[in-house]
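Single-letter residue listing:
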Amino acid sequence: MKDTLLKEAYKLRFEYFNLYETKQNRWHEKYKNHKLYETVKHSFKYDYKQIGQMMPKLIEEYKISQ
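Cut-offs and rules
Residues numbered from 1 in each chain as written. Predicted model: local features only at pLDDT ≥ 70, side-chain atom pairs only at ≥ 80, totals over all residues. Heavy atoms only, no water. Helix = DSSP H or I, 4+ residues; strand = E, 2+ residues; numbered from the N terminus. Rg over C-alpha atoms; globule rule 2.2 N^0.38 Å. Buried < 20%, exposed > 50% of the residue type's maximum accessible area, 1.4 Å probe, protein only. Contact = heavy atoms within 4.5 Å. Areas by Shrake-Rupley, 256 points an atom, 1.4 Å probe, with all protein chains shown as cover. pLDDT = per-residue confidence, 0-100. Expected span 1.5 Å × (residues − 1). Polar contact = N/O pair within 3.5 Å; in protein donor to acceptor, adjacent residues only side chain to side chain. Phe/Tyr/Trp six-rings, centres within 6.5 Å; stacked < 30°, edge-to-face > 60°.

### Focus: the overall build of the protein
At step 1: In terms of regular secondary structure, the protein is built from four helices and zero strands.
At step 2: Each helix and strand of the protein, placed in order from N terminus to C terminus, yields the pattern α-α-α-α.
At step 3: A globule of 66 residues ought to have a C-alpha radius of gyration of about 11 Å, and the protein, at 11 Å, matches this closely.
At step 4: In terms of principal-axis extent, the alpha carbons of the protein reach across some 30 × 25 × 20 Å.
At step 5: Of all 66 residues assigned to the protein, the portion counted as buried reaches 33%.
At step 6: Long-range pairs, those at least 24 residues apart, make up 57% of the contacts in the protein between residues at least 6 apart in sequence.
At step 7: Carbon together with sulfur atoms contributes 51% to the accessible area of the protein, which is approximately 4700 Å² in total.

Here it is in C-alpha cells:
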C-alpha cells in the first residue's frame, strides 16, 4: 500500500508542476478533497532534488495520522 500511495503522491505533484503550470488554482480545486492533498501540498516546500528523499517520509507521516 505504501508504494501505491507514494506513486499516487508523485503523480499529483507531477500534475501540479507540469500539467497545471500557470493554472495551479485549478489543480487545487480538482484535488482539494483528495486523501493525499495536504501531503502533496506540504511537499511543495521541497524542490526536485529533495523530493525523492522527502516524499516517502511525508507518506509515512500521512499513514501515521490516519
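### Brief notes about the confidence of the model for the protein
At step 1: Residues with a pLDDT of 70 or more make up 97% of the protein, whose mean pLDDT is 93.
At step 2: Mean pLDDT per element in the protein: helix α1 (residues 2-19) is the minimum at 92, and helix α3 (residues 37-43) is the maximum at 96.

### Remarks on unusual backbone geometry
At step 1: Positive phi values are uncommon outside glycine, yet T22 reaches one of about 70°.
At step 2: Within the secondary structure, T22 sits in the loop between α1 and α2 (24-31).
At step 3: Owing to a relative accessible area of 69%, T22 belongs among the exposed residues under this scheme.

### Focus on helix α4 (residues 48-65)
At step 1: Its 18 residues place the ends of α4 25 Å apart at the C-alpha level, agreeing with the 26 Å of an ideal helix rising 1.5 Å per residue.
At step 2: I51, M54, M55, L58, I59 and Y62 are the residues of α4 that are buried.
At step 3: Its side-chain oxygen 3.1 Å from the backbone nitrogen of K49, D47 forms the N-cap of α4.

### Some details on the packing of aromatic side chains
At step 1: Enumeration according to the criterion identifies eight aromatic pairs in this entry.
At step 2: When the ring of Y16 is compared with that of F44, the centres are 4.1 Å apart and the planes differ by 25°; the resulting orientation is stacked. Of this pair, Y16 sits in helix α1 while F44 is found in the loop between α3 and α4, placing the two residues 28 residues apart along the sequence.
At step 3: Note on W27 and Y31: the rings are 5.4 Å apart at their centroids and 50° apart in plane angle, and the pair reads as tilted. On the criterion of helical spacing, the pair formed by W27 and Y31 is a turn pair, its members being four residues apart in helix α2.
At step 4: Since its relative accessible area comes to 7%, Y31 is described here as buried.
At step 5: Aromatic ring contacts, followed pair by pair, group Y16, F17, W27, Y31, Y37, F44 and Y48 into a single cluster.

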